[in-house]
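Structural characterization, general
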There are 2 protein chains.
Amino acid sequence: MSDEFISENIKAALKNDPPGEWMTELPGECIRLSSGYPTPALVPAMQLKEAVIGLLEEEQDLPLHYLGSPRALKLKEQIQKRLGERGIRVLEEELLVTSGACQAIDLIARILIDEETVVAIETPTYMEALEIFQNYTERFISIPIDEHGLQTNLFEEVLAERKRKGLAIPRFLYTIPTFQNPTGTTMTEERRQHVVELATKYNFLIVEDDAYGELSFNKRPIPLKAMDKEGRVLHVGSLSKVVAPGLRIGWVTGATEFIHALDWFKKDLGHPFAEATMASFLEYTDFEKRLKILQDTYQGKCSVLLSALEQYLPESVSWYVPEGGYFVWVRIKGVDTSQLLTQALSEGVSYVPGKYFFLDQKEGTEFLRLSFSYADEKEIVEGIQKLGKVVTKWMELRP
Amino acid sequence: MSDEFISENIKAALKNDPPGEWMTELPGECIRLSSGYPTPALVPAMQLKEAVIGLLEEEQDLPLHYLGSPRALKLKEQIQKRLGERGIRVLEEELLVTSGACQAIDLIARILIDEETVVAIETPTYMEALEIFQNYTERFISIPIDEHGLQTNLFEEVLAERKRKGLAIPRFLYTIPTFQNPTGTTMTEERRQHVVELATKYNFLIVEDDAYGELSFNKRPIPLKAMDKEGRVLHVGSLSKVVAPGLRIGWVTGATEFIHALDWFKKDLGHPFAEATMASFLEYTDFEKRLKILQDTYQGKCSVLLSALEQYLPESVSWYVPEGGYFVWVRIKGVDTSQLLTQALSEGVSYVPGKYFFLDQKEGTEFLRLSFSYADEKEIVEGIQKLGKVVTKWMELRP
């Protein structure tokens, strides 16, 4: 029945090969190095409970309607304040609260992409963003990442060549310059300057996904948006990684006309109760203090993971050392990490095979993403031990 | 800057003329007969507070992640149970939880509409749905409503003529058969049978928006979905009108292939915390008892509004008498209700001008939508008095 009704372009999108159900149905005893979830002990469940109690006692039914909660209205100010700490100053009308970074990306895709649109992406990149963009276009320019993030020189070469040949310039570049998902890498300041200059020179927009930007082990890098003098950067952020993903609070900032268009397509998809709850939580939270604890915790867990990798993985295995965020990107030469996963899961450890982060999945077969955010330090060591065992065994069997 | 980047079809959509800011920025003293909000006294703020306390004490961080709350998983069962009460039996894989009915409609538009798609709508109809569909297509067939809902005979004539002429048959009909927004009308059982037969005969789908279906003053009408033997009906529902809109819990049920496609486009836009909170609330609520209270309250408020209309409006003013829901649809012959609104607002009462519910806004100038859901009985009487005064004065000045 569906075949004659579902639109053609949609049917194409449905042919994609997503990671499938295994990620959401891991047995309880499996050590989850796949989950990009915040560390459970630092999800402020009890403070959020207090925030809800305070909110509903004070505002009664107001946060439970479509509109009308004074607290929900304050969320924008609080986000503006957070952005200010990152050197990004935006007016209220330059900011749209969204249902996590994901809705922001989806709305951006909606207003900027039509079938002819070329989109530039980093390779590898956040799989959900990739899936979203693929729902709207098939035309991508894929620029590889190294340990210092997007290789802007390569990007410039591609742009120059396309210009010379009269080919379409991308409408926008989607980038996660800080503690990238999945590689954990961070763009150097020189490359940041370079990419902003390229946007001007070749006339494209930049969609900067900054979901991990506040989770720095050292200095917080300057966001591209803070360097943006021409309104070319749409900056996407989220409280999922620093408060709790389940509340689904994200945002996008950019030039007013873009925000207006995004808002039109967002329709009635605001979340008054979640927004008011978050605003109420932020009101009573020393956020810088909270960030410090998060940063220290994740730095500790990351360093435990890196040591364990040194100790338990064969020498041929390599990885990037992150300066923040949630992830370590690992390369196991000659091993298909999708095939290895079955073994890893039966040993009791999970990861995300690298291929899901690539437009051309074949490029990603030797990689895998480890997350140090969710598991605790003891589990991380055990998990890497298990992974080491599985990898070693695999290499012995297929040298 | 935006002009060269925003897609062409999006720019067209942005030219629509939405109701604007006045609806969201009414002064506190204004009597809101415009707001389709539930009655504040029956928004279960304190019970929801208890639900959150119970939930977070029991599940801790689980409902605050992307996935993993046992309670959130139960929401589907609870919705299945509610649907069962309406004669709709669906499997888990035939049900998708959405962020209110609005996300369901948006996702449906996304998978079913491309630029060539013809969509059949009732006239007038829910303005947000109309706006959503207009974001995807410009091709509509508009079928007028009378006091018994969609005029299915007229619809059949249109379909027969299009078939004869070789014109495209609509891919789907969007209808609110029960306590329609904005007219408050309900399709008779004969018309329901008829429209389901038409769907088979002319091979189209039906999107049934049932957001008000449980708010009946008497017997609850049978949903189209309960008559659907061929999987042609996508049934959209919501807990916004019977619990609280601010939690944004809605759903869509339909054939598995449709649900699969809708889910793909929904991506990471679930709301675990809101879903778990709702599930927790439902677990401890006698829902039928709650519905009885809601039905009695709204029936009382509706009858107060109807009496006040009889008493305070000139004789030439007419309206449909609803059997449930939130709305009364009023016609004031010869009066442009958009122009009248300025006067009404300065007198201290609001309504929604009819034109926003029409594809061709000129057809709606004499109509307005009154809501009896939000204001209390005393305010309703005062509001209608004010409206009567404004209408009478207008008629005296421009006879």
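Rules used in this analysis
- Residues numbered from 1 in each chain as written.
- Chains lettered and ligands numbered in written order.
- Predicted model: local features only at pLDDT ≥ 70, side-chain atom pairs only at ≥ 80, totals over all residues.
- Heavy atoms only, no water.
- Helix = DSSP H or I, 4+ residues; strand = E, 2+ residues; numbered from the N terminus.
- Polar contact = N/O pair within 3.5 Å; in protein donor to acceptor, adjacent residues only side chain to side chain.
- Contact = heavy atoms within 4.5 Å.
- Patch = residues over 30% accessible without salt bridge, like charges linked within 9 Å, V, L, I, M, F, W, Y side chains within 5 Å.
- Areas by Shrake-Rupley, 256 points an atom, 1.4 Å probe, with all protein chains shown as cover.
- Salt bridge = Lys/Arg side-chain N within 4 Å of Asp/Glu carboxyl O.
- Lys, Arg positive; Asp, Glu negative; His and termini not counted.
- Charge placed at Lys NZ, Arg CZ, Asp CG, Glu CD.
- Buried < 20%, exposed > 50% of the residue type's maximum accessible area, 1.4 Å probe, protein only.
- Buried area = accessible area lost by both parts, 1.4 Å probe.
- Nonpolar A, V, L, I, M, F, W, Y, C, P; charged D, E, K, R; others polar.
- Expected span 1.5 Å × (residues − 1).
- Domains from an automatic or database assignment.
- Phe/Tyr/Trp six-rings, centres within 6.5 Å; stacked < 30°, edge-to-face > 60°.
- Lys NZ or Arg CZ within 6 Å of the ring centre and 35° of its normal.

The name recorded for chain A in an unreviewed UniProt entry is PLP-dependent aminotransferase family protein, from Halalkalibacter kiskunsagensis.

Topic: the side chain of Thr 123 of chain A
Residues and elements named next belong to chain A. Topologically, Thr 123 is positioned in strand β3 (residues 119-123). Separated by 2.3 Å, the side chains of Thr 123 and Ser 142 make a polar contact. Beyond its immediate sequence surroundings of up to four residues, Thr 123 is in contact with Ser 142, Ile 143, Pro 144, Ile 145, Phe 358 and Glu 363.

Some details on a negative patch on the surface
A contiguous patch of negative charge on the surface is contributed by Glu 115 and Glu 138 of chain A together with Glu 115 and Glu 138 of chain B. Structurally, Glu 138 of chain B is set in the loop between α5 (127-134) and β4 (140-146). Classification of Glu 138 of chain B by relative accessible area gives exposed; the value is 68%.

With respect to the interface of chain A and chain B
Tallying the contact residues gives 76 residues for chain A and 76 residues for chain B. When the two sides are added together, the surface that chain A and chain B hide from each other amounts to roughly 6,800 Å², 66% of it contributed by carbon and sulfur. A per-residue breakdown of the area chain A buries against chain B is headed by Phe 5, Tyr 66 and Trp 264 of chain A, which together make up 11% of the total. Glu 131 of chain A is the partner of Lys 267 of chain B in a salt bridge, and the nearest nitrogen-oxygen pair spans 2.6 Å. Remark: the boundary between chain A and chain B carries 25 residue pairs in polar contact (both at pLDDT 80 or more). When contributions to the side of chain A that touches chain B are tallied by element, the ones reaching two or more residues are α1 (8-14), α2 (45-59), α4 (100-112), α5 (127-134), α8 (256-266) and α9 (272-283) of chain A. Counting residues per element, the side of chain A that touches chain B draws most heavily on α2 of chain A, which supplies eight residues. Residues that form the side of chain A that touches chain B fall into these classes: 41 nonpolar, 17 polar and 18 charged.

Some remarks on helix α7 (residues 189-202) of chain B
All names here are of chain B. Over its 14 residues, α7 extends 20 Å from the first C-alpha to the last, a length consistent with the 20 Å expected when each residue adds 1.5 Å. Those residues of α7 that fall on the buried side of the exposure criterion are Arg 191, Arg 192, His 194, Val 195, Val 196, Leu 198, Ala 199 and Tyr 202. The elements touched by buried residues of α7 are β4, β5 (149-150), α6 (152-165), β6 (172-175) and β7 (205-209). In the stretch just after α7, Asn 203 is the one whose phi turns positive, near 60°.

Thoughts on the domain arrangement of chain A
Interfaces are often sized by the accessible area lost when the parts come together. All names here are of chain A. Domain annotation of chain A identifies domain 1 (2-44 + 289-397) and domain 2 (45-283). Look at where the C-alpha atoms of domain 1 and domain 2 centre, and you get two points 23 Å apart. With 34 residues of domain 1 at the interface, the matching set in domain 2 holds 40 residues. When domain 1 packs against domain 2, the two sides together hide about 3,200 Å² of surface, and 64% of this comes from carbon and sulfur. The interface formed by domain 1 and domain 2 contains zero salt bridges. At the junction of domain 1 and domain 2, the tally comes to 11 residue pairs in polar contact (both at pLDDT 80 or more). For the side of domain 1 that touches domain 2, the secondary structure elements donating two or more residues are α10 (287-312) and β11 (327-332). Per-element tally for the side of domain 1 that touches domain 2: the top contributor is α10, with seven residues. Within the side of domain 1 that touches domain 2, the residues separate by chemical class into 24 nonpolar, six polar and four charged.

Here's the deal with the packing of aromatic side chains
Applying the stated criterion across every chain yields a total of 29 aromatic pairs over all chains. Arranged with centres 5.4 Å apart and planes meeting at 55°, the rings of Tyr 37 of chain A and Tyr 66 of chain B form a pair that is tilted. Of this pair, Tyr 37 of chain A sits in the loop between β1 (31-32) and α2 while Tyr 66 of chain B sits in the loop between α2 (45-59) and α3 (70-85), each in a different chain. Take Tyr 37 of chain A: its relative accessible area is 12%, and that puts it in the buried class. Summarising the aromatic geometry, the rings of Trp 329 of chain B and Phe 367 of chain B are spaced 5.2 Å apart at their centres and angled 10° between planes, so their arrangement reads as stacked. Within this pair, whereas Trp 329 of chain B is found in strand β11 (residues 327-331), its partner Phe 367 of chain B is found in strand β14 (residues 367-371), the two being separated by 38 residues in sequence. On the accessibility criterion, Phe 367 of chain B (15% relative accessible area) is buried. Aromatic ring contacts, followed pair by pair, group Tyr 212, Tyr 298, Tyr 326 and Phe 327 of chain A into a single cluster. Sitting above the plane of the Trp 264 of chain A ring, Lys 267 of chain A keeps its charged end 3.3 Å from the centroid.

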